[in-house]
Amino acid sequence: MQVPVGFLGKLWSFVSFLPFFILLLLLGSVKAVLIGPVAAAIVFFGNSAVIIGLWPAHFIWTYYCVLKTERIGLVLKIFIGILLPLPLLLLPVLAILGSLLGGIGYGVFVPLMATFEAVGEGVTDKLVHCFMDGTASTIAGACTVVRDVTDFCFHSYFSFMDDLIEKMGEDETPLDIKLSYLPRSALVAFVAVPVDVLMISAVALWKSPCMLLKGWQRLCEDLVGREGPFLETVCVPFAGLAIILWPLAVIGGVIASFFSSFLFGFRAGLIAYQEASFQMGLAYMISAVAIFDEYTNDLLYLREGSCLPRPKYRKEDIQQCETGQNKERYNITTEPAARQHGHHKHRRALQRSKTFMQTIQRLRPIQIWDWFFRSCELNGRILLSEGLITAEDMEEYITKGKGKKLSIKLPAWCILQCLLRSAKSDSHGLLISDNVEVTNFNWPKDKVFDWMLGPLLVIKEQMKNLDINEDEEMCLRKLIMTNKNEKPSDWDDSGFPMDDNIKRGQLQAIIRRLQGIVANMTRVPSFRRRFINLVKALYLEAIEAGAIDGSRDVKRRVKADVASGKIGEEGTSDVAGSSDHTLGNIDMV
């Protein structure tokens, strides 16, 4: 889309946009009124029933695991045992409230946004999609939300608890607290919480009018000039809706600041405990307000001269300042900023809002998730043809939902293959396809994915130093699927071409670490649903191809899921089709 030039062109673009946007908003609102209550009821009653129904089991099992675990010391166990009933008793109340608000939000905004998406570029039969999108899909999505919450309560929770009661290694020490530090920490928290709540809330309220006016100014400038979020047609309705709902965003920001201020206050007590210093805790109490003030100034592009002083609250930082160890590093980092801005404080450069086409260059979490399941599907077919995955493995996972070979080892092998290919191609990041490389610049800005990228990049460098050849790579496929990989002697009779025990131990450590990463990934609510559908699709495909002779009961169950559309809509399509053409040609085998 071309950006209009001149005042008349911008004025005509603005005038022609308003009726278009209002009609879409009315249509989306009607669909939200009709479909929203049904979807909200499904989410509310489904999630509440699952969480409240499992609450007694969660209550008892949580206490049992806390008392049994060796990872927590005696003093900390006593404190947890005393304080644990409060969050456990609040859980049903929070579940009901969260399910109600989440159901209402899902039922209202999903049909509304689906109506706007129906007029995006590349959509055929836009009139039909405007009326149909966000109706049946919203109901199905509400059922999916309930299923994911059920998987988390039934499986992810107990998986976390199983990790808690596992035996500790010889080099691990239990986590405990020192009683002598608690009075100091409690006193700091008692002082810091009201101070931080009042100060941070005051800063948020003081700057909220500026946030409201500056936000409206930027959005209106982009609307008239068709820049930023208004440049692409598909984003115009969303950006127009942002202008209307911007006051709600400001109110939400103030409310979020109020609740986050409690966390700042409690962290001051934690700092006092960690540093064993009452003074350091009070220093963080003041620094928390200064940090929040600096963040809001950066967000609103205000002068930094009005920021509060920021005292140091770590003894290590104070010692470095006193000895001058970080003086050289400070000069290096601030010299460019001083040369560019004329002062020694670093501040974020003022940038115009990005266009939609610039924004989508960053990979989204759903794209990485689609690549992962697509890779599991392709590698699952290969391992099934080689006999490393059997019909019994798939039947066990379909019927019982358990099976380490499928849910842990198969994904670990897929990730290991990605690391091997990235290491051989000397990639700076992770090479997930011939034309897509995941780096720190395009990696999704999501906490879960941030925790994954760092370890995977380290493992990739380790794989590069090991210099694995093709014969070793082919053997690794078998070893990761069939062996325990606990010690180098486990590979003595495996046919691994390398006799170097050091290299064997390094590879086994990498495999164990990848399996640990995958074990954490299985706790993501959507993982279990998509992986079970993937296994069902592979199982049915193998039966139809004559590769296996499946159990009649399991085969009948899988075919019933196909008939009901569970696999066709959630499994195969989710795995085979990426949410974006960027990852459409993924080939991980």
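Keep in mind the model is a prediction, meaning the values are calculated, not measured. (Residues numbered from 1 in each chain as written. Predicted model: local features only at pLDDT ≥ 70, side-chain atom pairs only at ≥ 80, totals over all residues. Heavy atoms only, no water.)

A.B. asks: Requested: an account of the overall build of the chain, with residues and values cited.
C.D. replies: The number of helices and strands found in the chain is 20 helices and two strands. Of all 589 residues assigned to the chain, the portion counted as buried reaches 42%. At a minimum sequence separation of 6, the contacts of the chain that also span at least 24 residues come to 76%. When the accessible area of the chain is evaluated, it comes to approximately 32200 Å², of which 64% is carbon and sulfur surface. (Helix = DSSP H or I, 4+ residues; strand = E, 2+ residues; numbered from the N terminus. Buried < 20%, exposed > 50% of the residue type's maximum accessible area, 1.4 Å probe, protein only. Contact = heavy atoms within 4.5 Å. Areas by Shrake-Rupley, 256 points an atom, 1.4 Å probe, with all protein chains shown as cover.)

A.B. asks: If you had to explain the pattern of salt bridges to someone new, which residues and values would you point to?
C.D. replies: Enumeration over the complete set of coordinates arrives at 14 salt bridges. The salt bridge involving arginine 374 is made with glutamate 377; its shortest N-O contact spans 2.8 Å. Of the two residues, arginine 374 and glutamate 377 both sit in helix H12 (residues 365-385), three residues apart, roughly one turn of that helix. Residue classification places arginine 374 among the partly exposed residues on the basis of a relative accessible area of 23%. Between glutamate 473 and lysine 424 there is a salt bridge whose closest N-O contact spans 2.7 Å. Of the two residues, glutamate 473 sits in helix H16 (residues 470-482) while lysine 424 sits in helix H14 (residues 404-424), which places them 49 residues apart along the sequence. On the basis of relative accessible area, glutamate 473 is assigned to the buried category, the value being 18%. Taken together, the shared-partner salt bridges connect Arg374, Glu377, Arg381 and Glu541 into one network. (Salt bridge = Lys/Arg side-chain N within 4 Å of Asp/Glu carboxyl O.)

A.B. asks: Help me get a handle on the packing of aromatic side chains, residues and values and all.
C.D. replies: Tallying each qualifying case throughout the model produces 18 aromatic pairs. Residues tryptophan 369 and phenylalanine 372 carry aromatic rings whose centres are separated by 5.8 Å and whose planes lie at 15 degrees to one another, so their mutual orientation is stacked. On the criterion of helical spacing, the pair formed by tryptophan 369 and phenylalanine 372 is a turn pair, its members being three residues apart in helix H12. As far as burial versus exposure is concerned, tryptophan 369 and phenylalanine 372 are alike and both buried. (Phe/Tyr/Trp six-rings, centres within 6.5 Å; stacked < 30°, edge-to-face > 60°.)

A.B. asks: Help me get a handle on the UniProt feature "transmembrane region" (unreviewed entry) in the chain, residues and values and all.
C.D. replies: Mapped onto the present numbering, the UniProt feature "transmembrane region" (unreviewed entry) falls on residues 7-28, 34-60, 72-90, 96-116, 186-206, 238-264 and 276-292. Taken as a whole, residues 72-90 contains 84% helix and 0% strand, while its terminal C-alpha atoms sit 23 Å from one another. (UniProt positions renumbered as here; feature names shortened; annotations may be inferred.)

A.B. asks: For the nonpolar core, give the residues involved together with the corresponding values.
C.D. replies: One finds Met394, Leu416, Met463, Leu476, Leu514 and Phe531 to be the most contacted residues of the largest nonpolar core, which totals 65 residues. Elements represented by at least two residues in this core include exactly H12, helix H13 (391-400), H14, helix H15 (447-466), H16, helix H17 (501-521), helix H18 (525-544) and helix H19 (552-564). (Core = buried A, V, L, I, M, F, W, Y, C linked by side-chain atoms within 4.5 Å.)

A.B. asks: Describe H12, listing the residues and the values that go with them.
C.D. replies: Compared with an ideal rise of 1.5 Å per residue, which puts 21 residues at 30 Å, H12 spans 31 Å between its outermost C-alpha atoms and is within 8% of the ideal. Of all 21 residues making up H12, 15 are buried, and the element is well covered by its neighbours. (Expected span 1.5 Å × (residues − 1).)

A.B. asks: Could you give an account of the packing of helix H5 (residues 136-164) against H18, naming the residues involved and the relevant values?
C.D. replies: Their axes nearest at 7 Å, the elements H5 and H18 cross at an angle of 105 degrees. One finds that H5 runs roughly perpendicular with respect to H18. Across from Thr144, Arg147, Asp148, Asp151, Phe152 and His155 in H5, the residues of H18 making contact are Pro525, Ser526, Arg528, Arg529 and Asn533. Residue classes in the contact of H5 with H18 are distributed as two nonpolar, four polar and five charged. (Axes fitted to C-alpha atoms, helices over the stretch in contact; angles between N-to-C directions. Parallel < 35°, antiparallel > 145°, perpendicular 65-115°, else oblique. Nonpolar A, V, L, I, M, F, W, Y, C, P; charged D, E, K, R; others polar.)

A.B. asks: Please set out the side chain of lysine 77 residue by residue, giving values where relevant.
C.D. replies: Turning to its location among the elements, lysine 77 is positioned in helix H2 (residues 74-83). The buried charged residue lysine 77 lacks any salt bridge, with glutamate 70 as its nearest oppositely charged partner at 8.1 Å. Those residues within four positions of lysine 77 in sequence are excluded, and the remaining contacts are Val66, Leu67, Lys68, Thr69 and Ile72. (Lys, Arg positive; Asp, Glu negative; His and termini not counted.)

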